[in-house]
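Observations on the three-dimensional arrangement
Each chain is listed here by its residues.
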Amino acid sequence: MTGLRVLVFFTVSALLGVSASAQTAEENAPNRTALIAREQEAKARTATPYQPGRVEQYFARIEERGLPFLSPPRGLYPALGSIYSGGGLGWGGGYRYAIGDDGAIDAHALFSLATYKRIETTFQSPHFSGKRLRATARAGWLDAPRVGYYGLGAEAPSTDRTAFRLRETYADAALTWRPVKALELAGGAGRDAFDQRAGTGRSPSIETKFSSSTAPRLGEAATFTTLSGSAGLMWLESPAYSRHGGLVRWTLERYIRDRVDASFGVSRAEIVQHVPLVRENWVISLRARAEGILGDDANAPFYLLPSLGSGSTLRAYRTGRFRDTKSLLFSGEWRWIPSPLAIDLALFVDAGNVGRHWDDILNSRFRKDVGIGVRFHAPAATALRVEVARGDEGFHLVFTSGAAF
Amino acid sequence: MRWFGPRSNRLAAAACAFGLWLGGWVLASAAAPKFYPDDPLQREPETQDASKVAEWDILLTYDLLQNLLTTRGDTRDQRARNVNTIDEVPDSNWFTNRVLARPMSTAELMRGPQTGNGPAAGVLTLIRPKSAGVTPGFVARDAGGVTWFIQFDAPGHDEAASAASMVANKIFYALGYWQTENYLAEIRPGDVRIGDNVMLKLPDGRRRPFRRADLDEIFTRSARRPDGAYRMLASRALSGRPIGGFRYDGTRPDDPNDIVPHEHRRELRALHVFGAWTNLVDMKAGNTLDVVVEEGGKSVVRHYLQDVGSTFGTGALGPHAYEEGYEHLLEPDTIRKRLLTLGFFLRPWQRIPYDEHPAIGRFEGDRFDPREWKPRAPTAALARARADDHFWAARRVMAFSDEMIRAMVKTGGYTDPDAERLLADVLIKRRDRIGRTYLPAINPVVDPALAADGTLKFTNAAVEAGVAPAPREYRIGWFAFNNATNESRAIGETTSGSTSATAPRSAIEDTSADGLLRVDIDSVAADYPSWAEPVHAYFRRGDVGWKLVGLERMD
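All chains use their own residue numbering, which begins from 1 and follows the written sequence. A letter from A marks each chain and a number from 1 marks each ligand, given out in the order of writing. Local features are withheld for residues below a pLDDT of 70 in this predicted model, meaning they are given only at 70 or higher, and side-chain atom pairs are given and counted only at 80 or more; totals for whole chains, interfaces and linings count all residues. As a convention, hydrogens and water are excluded, and side-chain values are obtained from all of the structure's heavy atoms.

Of the regular secondary structure elements, chain A holds four helices and 18 strands. In this scheme, a residue with accessible area under 20% of its type's maximum is buried, one over 50% is exposed, and one in between is partly exposed, where area comes from a 1.4 Å probe on protein chains only. Counting all 405 residues of chain A, 43% fall into the buried class. The long-range fraction of contacts in chain A, counting pairs at least 24 apart against all pairs at least 6 apart in sequence, stands at 54%. All accessible-area figures derive from a Shrake-Rupley calculation using a 1.4 Å probe, and residue coverage is judged against the displayed protein chains alone. In the structure as shown, chain A presents an accessible area of about 19,600 Å², 62% of it carried by carbon and sulfur atoms. A run of H or I in DSSP becomes a helix once it reaches four residues, and a run of E becomes a strand once it reaches two; helices and strands are each numbered from the N terminus. In what follows, residue pairs with any heavy atoms lying within 4.5 Å of each other are defined as contacts.

What follows is about the overall build of chain B. When its secondary structure is counted, chain B shows 14 helices and 19 strands. Dimensions of chain B, computed from C-alpha atoms along their principal axes, come out at roughly 90 × 70 × 60 Å. Out of the 555 residues in chain B, the part that is buried amounts to 58%. If you take every contact in chain B between residues at least 6 apart in sequence, the share linking residues at least 24 apart comes to 71%. Per element, the accessible surface of chain B, about 23,100 Å² overall, is 52% carbon and sulfur. Across chain B, 71 positive and 74 negative side-chain charges occur, with their mean positions spaced 3 Å apart. Working convention for charge: Lys and Arg count positive, Asp and Glu count negative, and His plus the chain ends are omitted. In this description, the location of a charge corresponds to atom NZ of lysine, CZ of arginine, CG of aspartate or CD of glutamate.

Residue and element names in this part refer to chain B. It is the contact of helix 4 (residues 160–175) with helix 7 (residues 271–278), at a shortest axis distance of 12 Å, that shows an interaxial angle of 150°. With respect to helix 7, the axis of helix 4 lies roughly antiparallel. Seen from above, helix 4 lies across helix 7 with right-handed handedness. Of the residues in helix 7, those touching helix 4 at I171, F172 and L175 are L271, F274, W277 and T278. Lys, Arg, Asp and Glu make up the charged group, whereas Ala, Val, Leu, Ile, Met, Phe, Trp, Tyr, Cys and Pro make up the nonpolar group; the residues left over, Gly among them, are polar. Grouping the amino acids of the contact of helix 4 with helix 7 by side-chain chemistry returns six nonpolar, one polar and no charged. The convention used is that axes are lines fitted to C-alpha atoms, helices contributing only their stretch in contact, and that angles between N-to-C directions extend from 0 to 180 degrees. The scheme is simple: roughly parallel for angles under 35 degrees, roughly antiparallel for over 145, roughly perpendicular for 65 to 115, oblique for anything else. Crossings are sorted by hand: turned counterclockwise from the far helix by less than a right angle, the near helix makes the crossing left-handed, and turned clockwise it makes it right-handed.

Opposite charge on two side chains allows them to pair when their charged atoms are near. For this document, the term salt bridge refers to a Lys or Arg side-chain nitrogen within 4 Å of an Asp or Glu carboxyl oxygen. Evaluation of the coordinates by the stated rule reveals 79 salt bridges over all chains. Note that A:R249 is salt-bridged to A:E270, the shortest N-O span being 3.2 Å. Note that A:R249 is positioned in strand 9 (residues 245–256) and A:E270 in strand 10 (residues 264–277), a separation of 21 residues in sequence. On the accessibility criterion, A:E270 (15% relative accessible area) is buried. In this structure, A:D297 engages A:R356 in a salt bridge whose closest nitrogen and oxygen atoms are separated by 3.1 Å. You can see A:D297 sitting in the loop between strand 11 (282–294) and strand 12 (307–308) and its partner A:R356 sitting in the loop between strand 15 (343–355) and helix 4 (358–362), a full 59 residues away along the chain. Its relative accessible area of 12% is what places A:D297 among the buried residues. Through salt bridges with shared partners, one network takes in B:R79, B:D87, B:R266, B:R269, B:R386, B:D388 and B:D389.

Residue and element names in this part refer to chain B. F172, L271, F274 and F400 are the most contacted members of the largest nonpolar core, which totals 70 residues. Where this core is concerned, the elements lending two or more residues are helix 4, helix 7, helix 9 (380–383), helix 10 (387–398), helix 11 (402–410), helix 12 (417–438) and helix 13 (461–464). With nine residues, the single largest contributor to this core is helix 12. Residues lining this core come from more than one domain, with at least three contributed by each of domain 2 (49–441) and domain 3 (442–552). If we skip the residues at most four places from it in the chain, F274 touches F172, L175, Y177, W392, A393, R396 and V397. Put simply, buried Ala, Val, Leu, Ile, Met, Phe, Trp, Tyr and Cys residues joined by side-chain atoms within 4.5 Å make one nonpolar core. For the purposes of this description, domain bounds are those given by an automatic or database domain assignment.

Right, let's talk about the pairing of strand 19 (residues 546–552) of chain B for a bit. Of all seven residues in strand 19 of chain B, six are buried; the element is thus mostly enclosed. In this analysis, strands are considered paired if DSSP registers two or more bridges between them. Linking strand 18 (residues 535–541) of chain B to strand 19 of chain B, which pair antiparallel, is a turn of four residues; within it B:G545 sits at a positive phi near 155°.

Here the focus is the packing of aromatic side chains. Stacked, tilted and edge-to-face are the three classes assigned to paired rings of Phe, Tyr and Trp, where Trp is represented by its six-membered ring and a pair needs centres within 6.5 Å; plane angles under 30 degrees give stacked, over 60 edge-to-face, the rest tilted. Scanning the entire structure with this criterion turns up 40 aromatic pairs over all chains. Ring geometry for A:F302 versus A:Y303: centroids 5.3 Å apart, planes at 80°, classification edge-to-face. Each member of the pair, A:F302 as well as A:Y303, is classed as buried. A centroid spacing of 5.7 Å and a plane angle of 80° characterise the contact between B:F95 and B:Y177, whose relative ring orientation is edge-to-face. With a gap of 82 residues between them, B:F95 in the loop between helix 2 (60–69) and helix 3 (106–111) and B:Y177 in the loop between helix 4 and strand 4 (182–187) connect regions that are remote in the sequence. Overall, the relative accessible area of 0% leaves B:F95 in the buried class. Feature note: the residues A:Y149, A:F164, A:F194, A:F210, A:F224, A:Y255, A:F264, A:F302 and A:Y303 constitute an aromatic cluster, connected by ring pairs. Positioned over the ring face of A:Y150 is A:R321, at 4.8 Å from the centre of the ring. The lysine or arginine in question, A:R390, covers the ring of A:F395, its NZ or CZ lying 5.2 Å from the ring centre. Any Lys NZ or Arg CZ that is within 6 Å of a ring centre and within 35 degrees of that ring's normal is treated as a charge sitting over the ring.

For the rest of this paragraph, the subject is the side chain of B:S162. Residues and elements named next belong to chain B. For S162, the position within the fold is in helix 4. By relative accessible area, S162 is classed as buried at 3%. The residues touching S162, leaving out its near neighbours within four places in the chain, are D153, L184, R231 and L233.

The patches reported here contain residues having more than 30% relative accessible area and no salt bridge. Joining distances are 9 Å for like charges and 5 Å for nonpolar side chains (Val, Leu, Ile, Met, Phe, Trp, Tyr). On the surface, A:L347, A:I372, A:V388, A:F395, A:L397, B:L342 and B:F344 cluster together to form a nonpolar patch covering roughly 660 Å² of accessible area. In this structure A:L347 comes out as partly exposed when scored by relative accessible area, which is 34%.

All names here are of chain B. Taken in spatial order, the three strands make up an open sheet running 9-10-11, and their pairing is antiparallel. Pairing within the sheet leaves two strands with one partner each, and these edge strands are strand 9 (241–242) and strand 11 (298–304). Sheet analysis places strand 10 (residues 289–295) next to strand 11, joined by seven bridges and oriented antiparallel. Within strand 11, the position partnered with D290 by the bridge is H303.

See the structure below:
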């Protein structure tokens, strides 16, 4: 009997439901406008302003204050950067105090896994004279405990790797002038004190294999007054990332010791050209760089001699692998652009040589390498460059930021 | 008498509840008529007061990354949800039917949204630096107290950005979108004074007073004419309360009248076609603006397609990059193919020749394929567009005659007649490509009309536009339609070699009780198999004849 009664109740209820719904439909939705109005009324009852989520709030902060590591920070900030060539990526912190529109005083400290250290304070004036002129200054101290040294010349064997420690205390100032967009002229002066000592790490220390005849000024502390000047003509978008254009740059540095006869200079010339093909689907990038000591070679300490081997010179060779008083480097890249917004790939070849004289360089074997790399970039900056290069000493992995050239 | 024992109480309650629900559902399903007395709506109702809608800030980077890296909005394939029963978009605070819906004179086309003559003569007072975009400019108040957004062309590309904005503004207005009032004028630095308490935001977020040097720097980044003047695009500030842009997906949560997800709004889906035509690549929320306005005694939100300047072949600072219009900024599949093929996976944009003109940029119509066109970032509303949305949009594009296009292009104020001619020629070519692509893609029967005497007339939009040959014959099915049950009863079938036919007498005399007649029209065309899918037209018997109340082109 219960089943029958449930059935009756169900039927009566269903009929009541039909009746009620009919009445509701008739009263509330006589036309399309009323139907839509009903939906809008329902939304009005629950309408609330948009609430951004945590990620969106983070982006809001970024848009207000700039991108971390890409925009100038304010106040305390986490710092990333290079300490000394071959020392790996330095991590640390800093404090930046803004001056004017785009000037700042910045103090930061960096430390790398290879135990390289740097403490530095920089001053960057706001641009003035119609954004054409800017002054900079810096003072700092660094400690590079395991810098590689293999001897002089291109034939120095890799098995002769030794290490030395270099401590440098420096202060300098410079003025940069861009009379026109494409031309940059700069000049500066400073004081640089070097203290070279025994190296640390797995490689034997430098003094165990080399003497002052094979490593000029080995073990000497030296203090220089420095003068520098440079002129650059740039017709590329940005030296940090470009797919077209090029540059010509010449830099002259003068290291003056207390005794004038112990002074020397360094001259560096570089030319870069990027040739886009098929609307920048491919880019052929070429570079030539020459560097040499001016004056009496013997006055230049071995650690200030031109060198090849690093993520931006001979990429299959370790940092500072080849040193001498002159160096010549050629690089070529065939780049293709999977994403114009963010990703480049490149096949590259580097060829370089060092020697006492230019004739020595031109008449002896160039060291070469080939490799492939991927670069993650922004319109005017290379955020990450990962490359594998192979030379006659094997493979070398490059993991860095910034353009190769 | 006791109906239930204690053990049966729950069962009884459940039976009652289920019965009530089922009864209601049955009736609601059966009783929902297909057409209401006010169909087809000519205006989208906005019944609620929107005065409390709050301003929001759609973040440029966040919005871009969301669009590039995620799939936004409702991805179900469905008919646009804001169309009325005859498959048209009613007028609203999103869209106003203009071209195709009614004749537009040359004067109206050239005037567009303009209501006056631009900034009043005299000194402009700078009241705010420009806060978004890369175009040099500022916000100023004229002598009459009207606020204007001022933008200049980039050096080396005089007239390019300002002319593109002017012309696109006229096109999108004629198409039906809410547009700002834009004017071209000339100005000299001495004509601008800096207002009180104007602050400049620095890149690191700090703010400081705006100085004359900052104004000089703006002019330094702007194209200077030989006589020392600067051509400016002046956009009149919108009346009402600005509340930020609109997204191309979802709804604004606090706007009670915004109930159709934007990806399902036809006029936004149609921007795939309009964007392709004009190469409007920068289709982002940041280029739109919602404004709260008073209308009919209450506040409602009006939706402006505010900045349509990145169009044709130029951006704010120079020509579009070659890939713009052909690729999103980030395409994982394309990246993978290029990566693996050393770049030998070539796309059309890498080989297309352009007649580049400094005032036009890179814009061509010979190899243009609207199906391949892409904005910078995937946009949900465009991605949801279906063939019927494309068709709807293509009809509007095709409604512009050559003369209408040339008239609108003239408002760009190009000093070089070659530039004006080039832009108009390319727009005409791209218009024709759009017509050839989208009009024949689905059954193109439009504008069916049934006279009181039973004469049916309709138009084949593809044939009328000259982009497809007429089919051999049209097949017309006649049905009595029961609006209450949504059931159709076949009455007869006729054929016609033209776009005119006569209804069977029984169809006119013998319809269902509520007087609706359904007419299915399809045709056999060997090159267009989709034309065999009928268009369903619904007519309601009126006092003086038959009124079209429904049209379905796709399910």
